[in-house]
Amino acid sequence: MQQSETQEKDVFRVNGLPWLTSHAPESDVVISSRIRLARNYRKVPFPNRADFEQLAAVLQLTDGVIPLVEQVTQQHLSRYAMDQLTKLQRDVLVDKRLVTNNLVANPQDRVAYISDDTSISLLVNEEDHLRIASRTPGLALEQAYEMASAIDDAFESRLDIAFDEKMGYLTSCPTNLGTGLRASVVLHLPGLVFTRNIANIINISQQLGLSVRGLYGDDKEVVGNLFRVSNQLTLGFSEQEIIDNLKSAVTEIIAHERRARK
């Protein structure tokens, strides 16, 4: 599972992300969709409470399922151990949003599996034992969920996942309890920013249980007019309800953005 020189060049040196395309649903406004699932292994402390021996055991368990994941997804996954990468390489993965700052902050026993087209990433021993992320260009949340769910099924067929009948999937952060699903869409909204209507969109979205934040920069300055819209709650909602709610809100935002551009 070690990355080859060609794969390393693909991930670290090629500009952009191979899976992004302008030929996608609502691509004039929607850059990408992502589904992320948080999962933990039963009887193993969460990463922030686990010792290095337990973190290494999580890696070993995960490594054993990767061949099945590759079979299910029909994609090759390269293994990137954070403590074996240079700081520059880790920074590139963070900038490409393939790994998180949390994963690289304590690199020992932290690993990312990334598909050759970068549409799939599996983060091991981040905030949870396993973070499954599936990305699609444009507004295609259902497609992203289908892939993430297939990967999740592969892990659940081999490993004992922490799950409670009342609370759902057990996660290190209470806001992820339930489905453990975080759905998000990246939008380019120059029209709403220019007409100063973006504040109204943010306020209304919060009332719908959604978060609208700048993809880069802080709340005062949003670089590139790029925003990420995502669900805030998972407990008490089904996966389909979360996706439908987000998609409905994003569709309204798209309509407002198109009117603002005229």
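Look a little higher up for the structure.
Residues numbered from 1 in each chain as written. Predicted model: local features only at pLDDT ≥ 70, side-chain atom pairs only at ≥ 80, totals over all residues. Heavy atoms only, no water.

Draft legend 1. Local environment of the layout of surface pockets. By volume, the largest pocket amounts to about 1100 Å³. Looking at the largest pocket, it is lined by 40 residues, and the ones nearest its centre are Arg 34, Arg 97, Ser 184, Leu 215 and Arg 228. When contributions to the lining of the largest pocket are tallied by element, the ones reaching two or more residues are strand 1 (30–39), helix 3 (87–95), strand 4 (120–124), strand 5 (130–137), strand 8 (181–188), strand 9 (210–214) and strand 10 (226–231). Here the lining of the largest pocket gets five residues from one element, more than from any other, and that element is strand 1. If you go around the second largest pocket, you meet 13 residues; those closest to its centre are Ser 119, Arg 135, Thr 136, Gln 143 and Met 147. Put simply, the parts of the chain that give the lining of the second largest pocket at least two residues each are strand 5 and helix 5 (141–158). Class assignment for the residues of the lining of the second largest pocket results in five nonpolar, five polar and three charged. (1 Å grid on protein atoms, 1.4 Å probe; cavity = no way out; pocket = protein on both sides within 12 Å on 5 of 7 lines; lining within 4 Å. Points joined across faces, edges and corners; volume = space filled by probe spheres on them. Helix = DSSP H or I, 4+ residues; strand = E, 2+ residues; numbered from the N terminus. Nonpolar A, V, L, I, M, F, W, Y, C, P; charged D, E, K, R; others polar.)

Draft legend 2. View of the sheet that holds strand 8. Ordered in space as 2-3-4-5-1-8-10-9, the eight strands form an open sheet in which the pairing is antiparallel. Lying at the two open borders of the sheet, with one neighbouring strand each, are strand 2 (77–81) and strand 9. For this sheet, the mean angle separating the axes of adjacent strands, direction not counted, is 20 degrees. Pairing analysis gives five bridges linking strand 2 to strand 3 (residues 111–115), with the strands arranged antiparallel. For Ala 81, the partnering residue across the bridge sits in strand 3 and is Val 111. (Pairing = 2+ DSSP bridges. Axes fitted to C-alpha atoms, helices over the stretch in contact; angles between N-to-C directions.)

Draft legend 3. View of the pairing of strand 3. Taking burial as the measure, the five residues of strand 3 include five buried ones, the bulk of the element. Both faces of strand 3 are covered, namely the face carrying Val 111, Tyr 113 and Ser 115 and the face carrying Ala 112 and Ile 114. The hairpin turn running from strand 3 into strand 4, its antiparallel successor, is four residues long, and Thr 118 in that turn takes a positive phi close to 65 degrees. (Buried < 20%, exposed > 50% of the residue type's maximum accessible area, 1.4 Å probe, protein only.)

Draft legend 4. How the structure looks around the nonpolar core. Counting 49 residues, the largest nonpolar core has Ile 35, Leu 122, Phe 155, Leu 187 and Val 250 as the members making the most contacts within it. Broken down by element, the residue count for this core peaks at seven residues, all from helix 8 (residues 239–261). When near neighbours in sequence (up to four residues on either side) are disregarded, Leu 187 contacts Val 29, Val 30, Asn 225, Leu 226, Phe 227, Val 229, Val 250 and Ile 253. One finds Val 11, Leu 85, Leu 103 and Val 104 within the second-largest nonpolar core, a separate group that totals 15 residues. (Core = buried A, V, L, I, M, F, W, Y, C linked by side-chain atoms within 4.5 Å. Contact = heavy atoms within 4.5 Å.)

Draft legend 5. Representation of helix 7 (residues 198–207) within the structure. The complete set of buried residues in helix 7 reads Ile 198, Ile 201 and Ser 205. The buried side chains of helix 7 occupy one side of the element, clustering within an arc of 55 degrees when seen end-on. Residues of helix 7 that are buried sit in contact with helix 6 (190–194), strand 9, strand 10 and helix 8. Looking at the residues trailing helix 7, positive phi occurs at Gly 209, about 80 degrees. (Arc of directions from axis to C-beta.)

Limitation: the analysis is restricted to geometry and does not speak to function.
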